[in-house]
Amino acid sequence: MDYAYDDQNIFAKILRGEIPNTTVLETEHSLAFRDLYPQASVHVLVIPKGPYISYDHFAAAASDAEIVDFTRAVGEVCRLEGVSLDANDGFRLISNAGEHGVQEVPHLHVHILGGERMGRMVQPKG
Ligand code: AMP
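The rules we used
- Within every chain, residues take consecutive numbers counted from 1 along the sequence as written.
- Predicted model: local features are reported for residues with pLDDT of at least 70 only, side-chain atom pairs are reported and counted for 80 or more only, and whole-chain, interface and lining totals are derived from all residues.
- Hydrogens and water molecules were not included; the side-chain quantities draw on all heavy atoms of the structure.
- UniProt positions are given in the numbering used here, feature names are shortened, and annotations may be inferred rather than shown by experiment.
- Only runs of H or I of at least four residues qualify as helices and only runs of E of at least two qualify as strands under DSSP, and these elements are numbered from the N terminus.
- Partly exposed describes any residue whose relative accessible area lies between the buried limit of under 20% and the exposed limit of over 50%, with all areas from a 1.4 Å probe on protein chains only and scaled to the type maximum.
- Two residues qualify as a contact provided that any one of their heavy atoms is within 4.5 Å of a heavy atom in the partner residue.
- Distance and chemistry together define a polar contact, namely a pair of N or O atoms within 3.5 Å, with one atom able to donate a hydrogen and the other to accept it when in protein, and with adjacent residues in sequence counting only for side-chain atoms on both sides.
- Only Phe, Tyr and Trp rings take part, Trp by its six-membered ring, and two of them pair if their centres are within 6.5 Å. Stacked means planes under 30 degrees apart, edge-to-face means over 60, and tilted covers everything else.
- Residue-level confidence of the predictor is summarised by pLDDT, bounded by 0 at the bottom and 100 at the top.
- For two strands to be treated as a pair, DSSP must find at least two bridges joining them.
- Every axis in this analysis is a line fitted to C-alpha atoms, fitted for helices over the stretch in contact. Angles between the N-to-C directions lie between 0 and 180 degrees.
- In this text, near means that some heavy atom of the residue lies within 4 Å of the molecule or strand in question.
- In the cavity and pocket records, a cavity denotes points on a 1 Å grid over the protein atoms alone where a 1.4 Å probe fits but cannot get out, a pocket denotes an open set with protein on both sides within 12 Å along at least 5 of 7 lines, and lining residues are residues with an atom within 4 Å of a point.
- Molecule-in-pocket calls rest on the fraction of atoms, with more than half required to lie within 2 Å of the cavity or pocket grid points.

As recorded by an unreviewed UniProt entry, the protein carries the name HIT domain-containing protein and is attributed to Sulfitobacter donghicola DSW-25 = KCTC 12864 = JCM 14565.

Caption draft 1: Inspection of the UniProt feature "active site" (unreviewed entry) in the protein at higher detail. Following the UniProt record, the feature "active site" (unreviewed entry) maps to His109 here. Structurally, histidine 109 can be placed in the loop between α4 (98-101) and β5 (110-114). For histidine 109, a relative accessible area of 5% puts it in the buried group. Once residues lying within four places of it in the same chain are set aside, the contact partners of histidine 109 are Phe11, Leu45, Val46, Ile47, Ile94, Ser95 and Gln103.

Caption draft 2: Representation of the side chain of serine 30 in the model. Summarising the element assignment, serine 30 is placed in strand β2 (residues 30-34). In terms of polar contacts, serine 30 uses its side chain to reach the side chain of aspartate 69, at 2.6 Å.

Caption draft 3: Main features of the packing of aromatic side chains. Here the structure, examined in full by the defined rule, presents 5 aromatic pairs. Pairing phenylalanine 11 with phenylalanine 33 gives two aromatic rings, centres 5.3 Å apart and planes at 75°, and the pair type is edge-to-face. Taken together, the residues span a long stretch of sequence, with phenylalanine 11 in helix α1 (residues 10-15) and phenylalanine 33 in strand β2 at a distance of 22 residues. Consider the rings of tyrosine 52 and phenylalanine 58, whose centres lie 5.2 Å apart with planes at 70°: the pair is edge-to-face. By the burial criterion, tyrosine 52 is buried, and phenylalanine 58 matches it. Here the aromatic residues Tyr52, Tyr55, Phe58 and Phe70 are joined through ring pairs into a cluster of three or more.

Caption draft 4: Quick peek at the confidence of the model for the protein. Residues at a pLDDT of 70 or more form 98% of the protein, whose mean pLDDT is 96. The spread of mean pLDDT over the elements of the protein runs between α4, the lowest at 96, and β2, the highest at 99.

Caption draft 5: Spotlight on the sheet that holds β2. Judged by pairing direction, the sheet is antiparallel, and its 5 strands sit side by side in the order β1-β2-β3-β5-β4 without closing on themselves. In this open sheet, the two strands that pair with only one neighbour each are β1 (23-26) and β4 (91-94). Put simply, the sheet's adjacent strands are angled 20° from each other on average, direction ignored. Where β1 and β2 come together, 3 bridges link them in antiparallel fashion. Along β2, the bridge assignment pairs threonine 23 with phenylalanine 33.

Caption draft 6: Looking closely at the site of the ligand. Of all residues adjacent to the ligand, which total 16 residues, the nearest are Asp35, Asn96, Glu104, His109 and His111. At 3.4 Å, a backbone N or O of valine 102 approaches an oxygen atom of the ligand. At 3.0 Å from an oxygen atom of the ligand is found a main-chain nitrogen or oxygen belonging to valine 105. Of the pockets mapped on this structure, the ligand occupies the largest pocket.

Caption draft 7: Quick peek at the pairing of strand β3 (residues 42-48). Along β3, 7 of the 7 residues are buried, which leaves the element largely enclosed by surrounding structure. Neither face of β3 is exposed, since Val42, Val44, Val46 and Pro48 on one face and His43, Leu45 and Ile47 on the opposite face are all buried. Note that β2 and β3 share 5 bridges and pair antiparallel. Counterpart to serine 30 in the pairing with β3 is proline 48. Pairing analysis gives 5 bridges linking β3 to β5, with the strands arranged antiparallel. When the bridges of β5 are listed, histidine 43 appears paired with leucine 113.

Here it is, written out as structure tokens:
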């Protein structure tokens, strides 16, 4: 499979400012915003600003600076949202990829979920 990025995806439109978002954190290479349909009391998406579809695409093609920025942004959002393990009760980090991962938006994003105890990690297939 090649990594053909579709720049009409909804997160690309958010990055271009074409549709609104509720920003939690913006860094040089990353943006974190609240999920429109939260599945936990804390549900934040973190995306790189670059055109990457999935985590494997990002890991293969992004610069070291982008990868460091993104990783640090995830940690900073956990701290800002009060779910980090140093002082809080933890969180779940998920990144869906492709058809088998049931990825809806083809721009890399990680979900940070927390604020309550999560259910089973993998639900029955649907
Ligand atoms: P995934 O299934 O991993 O691709 O997740 C995509 C996520 O994007 C879902 O949790 C949606 O609720 C969320 N989402 C879709 N559109 C928006 C939007 N405009 N702003 C924020 N979150 C969105």
